[in-house]
Number of protein chains: 2
Amino acid sequence: MSQQRHGSTSGGSDRANAVPAFPDLPEATIARLPEYLRALHNLGEGGADTISSEGLAAAAGVNSAKLRKDLSHLGSYGTRGVGYDVALLIEQIEYVLGLDQRRAVCLVGVGNLGHALAGYDGFASRGFKIVALFDADPTKVGERIHGLIVHHIDELPQVATEETIAIGVIATPAGAAQAVADELVGAGVTSILNFAPCVLSVPANVDVRKVDLAIELQILSFHEHRKASLTALPGGRSATGAGNQEAVGS
Amino acid sequence: MSQQRHGSTSGGSDRANAVPAFPDLPEATIARLPEYLRALHNLGEGGADTISSEGLAAAAGVNSAKLRKDLSHLGSYGTRGVGYDVALLIEQIEYVLGLDQRRAVCLVGVGNLGHALAGYDGFASRGFKIVALFDADPTKVGERIHGLIVHHIDELPQVATEETIAIGVIATPAGAAQAVADELVGAGVTSILNFAPCVLSVPANVDVRKVDLAIELQILSFHEHRKASLTALPGGRSATGAGNQEAVGS
DNA sequence: CGCGATTTGTGCACGCCTTCACAAGCGCCT
DNA sequence: AGGCGCTTGTGAAGGCGTGCACAAATCGCG
Ligand SMILES: NC(=O)c1ccc[n+]([C@@H]2O[C@H](COP(=O)([O-])OP(=O)(O)OC[C@H]3O[C@@H](n4cnc5c(N)ncnc54)[C@H](O)[C@@H]3O)[C@@H](O)[C@H]2O)c1
Ligand SMILES: NC(=O)c1ccc[n+]([C@@H]2O[C@H](COP(=O)([O-])OP(=O)(O)OC[C@H]3O[C@@H](n4cnc5c(N)ncnc54)[C@H](O)[C@@H]3O)[C@@H](O)[C@H]2O)c1
């Protein structure tokens, strides 16, 4: 989820002022919208014109009531007795998420992980485009990866003036992440996706999301540990095929 | 996953010190423990013997009250007026997370991403060890990556009998993920970390966590969209920056 | 034209999580 | 010994999210 909400915790005003184009969606809802969107695309390719909340919920791995409530936050785009128009709903969700406008992404740290990310087509397929790669290692600068040339990190300000970069992805070692974040912020980046295992400090108007594999594994480890300590008296396995899924979370 | 929240283990049994099966920690707390652990290791290397909740909270990017409440769930390992003993707390958290026992991990799908994951030392540094790599592509089988040989996916059952594999990591295309998950479950894996953008269906006793880059980017995109539609100017800068994605309980 | 089947949208209750605020505990200094 | 400052641990309040259950809305059909 997001770490820094709107900065004003004590500011009494707020509330109901923001009427830009859409209401303030619950953070939990926002985190699920991309999942719905993916499910909708799959369904659309399967030839479905409309889909019920039950069906879409199953495809997205969530409760149908939750899905309906989530979608109700965007407005009423369903038809009672029928379901949701797949194409219309895709359009709406993409609009709310701001996916209708191409967003420029830059990637800093073209190492093991960065290399994989640079070639990931999951970026482009959702309106994101990697416009620049950066690294501090002179031996990597100039290298061509998936059609992009690796720039030196010092060139970031200049590249940023040529093209407005909204999102920066950090794939450097943890020790360099804060410095990189500072440079990204200085270059005008307002959203950061951080793969380095460390806490980043950024201005309040910058959003940071973190992906940490080690944390995911440790959470799984805890559940393994717990499961192992319950084997004494398991009480039976339920063979339900119910899928259960952790969300990301945010 | 299932939520058994009956009062089963309640009662007045206070297992304040040491060992056995532990209380049910809130899922939110579990997700933060690894972050505390990382911060503690950093602090420990910095030479600190004790750390206050305020200091540790800052290092982990959370509220200090939250941190204290989280730690209180594990028992009382702090000293009022002084703080927490770094080494002791590390030991306790590692125990609770089950990191004191080495957990065998296997990785399925040695492509772009899988290749990077196979070489990631963030696994080993927390008690995890990749014991096997699998892929379906005959041209990749036999390849040696970071000291490990890539096996064909069909060999999974056999390898699993040689070594108990607790955790499986899926880094295949989405279309193959469910089939791979089924095979992992069949081989006795009870925890899965899924990088493929799809919903997995597994038995109730298997935990699944999902990491989806595209979702992270889309959430950032939403906030970009929102920020762009607000022409107001924000205020100061805050020093928080933890990212944390949350999720629902397993 | 009305009726039943179907599905959305939502009021409501419940439980989890966060955060505040403070008493209790601990060490140190005088 | 006693006071004082510092820090933990926690009770309580409030907010957020979830899921149930149902009224309202819509379609198809006789
Ligand atoms: N490899 C993985 O599977 C994986 C998984 C999860 C998280 N991570 C994390 O992602 C980060 C990168 O991992 P990796 O395995 O790719 O490491 P890596 O060492 O292979 O790559 C790091 C890259 O960052 C570059 N770099 C270093 N300092 C820089 C700076 N100041 N500015 C720009 N570039 C700089 C290096 O030159 C190198 O190319 C690490 O923080 C790691 O913990 C890696
Ligand atoms: N590359 C990235 O940066 C990135 C980032 C996030 C998520 N992902 C996701 O991770 C997954 C892998 O991405 P990638 O870029 O490495 O793809 P890739 O095509 O490079 O690698 C996929 C690998 O899986 C193997 N494979 C296919 N079917 C298999 C099966 N049934 N059993 C075992 N192995 C099988 C393929 O042979 C291939 O080696 C995809 O689902 C992708 O969406 C990738």
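Residues numbered from 1 in each chain as written. Chains lettered and ligands numbered in written order. Predicted model: local features only at pLDDT ≥ 70, side-chain atom pairs only at ≥ 80, totals over all residues. Heavy atoms only, no water.

Within an unreviewed UniProt entry, the label attached to chain A reads Redox-sensing transcriptional repressor Rex, and the organism entered is Paractinoplanes tereljensis. On record in UniProt, under Function (unreviewed entry), the comment for chain A is "Modulates transcription in response to changes in cellular NADH/NAD(+) redox state." In its Subunit (unreviewed entry) section, the UniProt record describing chain A reads: "Homodimer." (UniProt positions renumbered as here; feature names shortened; annotations may be inferred.)

Caption draft 1: Summary view of the overall build of chain A. Helices and strands together make up the secondary structure of chain A, namely nine helices and 10 strands. In chain A, which comprises 250 residues, the share counted as buried stands at 48%. Put simply, of all contacts in chain A between residues at least 6 apart along the chain, 56% involve residues at least 24 apart. In the form shown here, chain A has an accessible surface area of approximately 11300 Å², with 53% of it arising from carbon and sulfur atoms. (Helix = DSSP H or I, 4+ residues; strand = E, 2+ residues; numbered from the N terminus. Buried < 20%, exposed > 50% of the residue type's maximum accessible area, 1.4 Å probe, protein only. Contact = heavy atoms within 4.5 Å. Areas by Shrake-Rupley, 256 points an atom, 1.4 Å probe, with all protein chains shown as cover.)

Caption draft 2: Quick peek at the domain arrangement of chain A. With domains assigned, chain A is organised as domain 1 (27-96) and domain 2 (103-213). Distance from the C-alpha centre of domain 1 of chain A to the C-alpha centre of domain 2 of chain A: 31 Å. (Domains from an automatic or database assignment.)

Caption draft 3: Here's a closer look at unusual backbone geometry. A positive phi is found at A:His146, a non-glycine position, where the angle reads about 50°. Among the structural elements, A:His146 can be located in the loop between strand S6 (144-145) and strand S7 (148-152).

Caption draft 4: Up close: helix H8 (residues 174-186) of chain A. All names here are of chain A. Between its first and last C-alpha atoms H8 spans 19 Å; for 13 residues at 1.5 Å apiece the expected length is 18 Å, and the two agree. For H8, the complete set of buried residues consists of Ala177, Val180, Ala181 and Leu184. Buried positions along H8 lie against strand S4 (103-108), helix H7 (156-162), strand S8 (167-170) and strand S9 (191-194). Looking one or two residues past H8, Gly188 carries a phi angle of roughly 100°, positive in sign. (Expected span 1.5 Å × (residues − 1).)

Caption draft 5: Up close: the site of ligand 1. Of all residues adjacent to ligand 1, which total 23 residues, the nearest are A:Asn112, A:Leu113, A:Asp135, A:Lys140 and A:Thr172. Ligand 1 sits at a junction of chains, with neighbouring residues supplied by chains A and B. Within the backbone of A:Thr172, an N or O atom sits 2.7 Å from an oxygen atom of ligand 1. One of the backbone nitrogen or oxygen atoms of B:Ala116 is found 3.2 Å away from an oxygen atom of ligand 1. Burial of ligand 1 by the protein chains amounts to 81% of its free accessible area of 820 Å². Those elements giving two or more residues to the shell around ligand 1 turn out to be helix H5 (112-118) and H8 of chain A together with helix H5 (112-118) of chain B. By residue number, the principal contributor to the shell around ligand 1 is H8(A), which donates three residues. (Near = heavy atom within 4 Å. Polar contact = N/O pair within 3.5 Å; in protein donor to acceptor, adjacent residues only side chain to side chain.)

Caption draft 6: Main features of the packing of helix H1 (residues 27-45) of chain B against helix H3 (residues 64-72) of chain B. Residues and elements named next belong to chain B. H3 packs onto H1 with a crossing angle of 105° between their chain directions and a minimal axis gap of 10 Å. With respect to H3, the element H1 is oriented roughly perpendicular. Of the residues in H3, those touching H1 at Thr29, Arg32 and Tyr36 are Lys66, Leu67, Asp70 and Leu71. (Axes fitted to C-alpha atoms, helices over the stretch in contact; angles between N-to-C directions. Parallel < 35°, antiparallel > 145°, perpendicular 65-115°, else oblique.)

Caption draft 7: Looking closely at the site of ligand 2. What surrounds ligand 2 is a group of 23 residues, the closest being B:Asn112, B:Leu113, B:Asp135, B:Lys140 and B:Thr172. Surrounding ligand 2 are residues belonging to chains A and B, so the site spans chains. Between B:Asn112 and ligand 2, the recorded distance is 2.9 Å, taken from a backbone N or O atom to an oxygen atom. A distance of 2.4 Å is found between an oxygen atom of ligand 2 and a side-chain nitrogen or oxygen belonging to B:Asp135.

Caption draft 8: Layout of the packing of aromatic side chains. All names here are of chain A. On inspection of all chains with the given rule, the structure shows two aromatic pairs over all chains. Aromatic pair Tyr120 and Phe123: ring centres 5.6 Å apart, planes at 75°, arrangement edge-to-face. The class of Tyr120 is partly exposed, set by a relative accessible area of 27%. (Phe/Tyr/Trp six-rings, centres within 6.5 Å; stacked < 30°, edge-to-face > 60°.)

Caption draft 9: Inspection of the confidence of the model for chain A at higher detail. On average, residues of chain A score 86 in pLDDT, and 83% of them are at 70 or above. Throughout residues 235-250 of chain A the model reports pLDDT below 50, and contacts reaching past four residues in sequence, or to other chains, amount to 50 contacts. (pLDDT = per-residue confidence, 0-100.)

Caption draft 10: Here's a closer look at the protein's contact with DNA strand D. For DNA strand D, the set of nearby residues contains 27 residues, the closest of which are A:Lys66, A:Lys69, A:Arg80, B:Ser53 and B:Tyr84. Protein-adjacent atoms of DNA strand D, using a 4 Å cutoff, are sugar or phosphate at a proportion of 65%. Separating a base nitrogen of DNA strand D from a side-chain N or O atom of B:Arg68 is a distance of 2.9 Å. Interatomic distance of 3.0 Å between a backbone N/O atom of B:Gly81 and a sugar or linking oxygen of DNA strand D. Secondary-structure elements contributing two or more residues to the surface near DNA strand D are helix H1 (27-45) and helix H3 (64-74) of chain A together with H3, strand S2 (78-79) and strand S3 (83-85) of chain B. For the surface near DNA strand D, the leading source of residues is H3(A), giving four residues. Its residues assigned to classes, the surface near DNA strand D comprises eight nonpolar, 10 polar and nine charged. (Nonpolar A, V, L, I, M, F, W, Y, C, P; charged D, E, K, R; others polar.)

Caption draft 11: Just the sheet that holds strand S3 (residues 83-85) of chain A, in detail. All names here are of chain A. The strand order S1-S3-S2 describes an open sheet built from three strands, whose pairing is antiparallel. The two strands at the open ends of the sheet, each matched to only one other strand, are strand S1 (50-51) and strand S2 (78-79). Pairing of S2 with S3 involves two bridges; the strand directions are antiparallel. Each residue of the ladder has a partner; that of Gly78, found in S3, is Tyr84. Seen against the sheet, helix H4 (residues 86-96) touches S1 and S3 and runs at an angle of roughly 70° to S3. (Pairing = 2+ DSSP bridges.)

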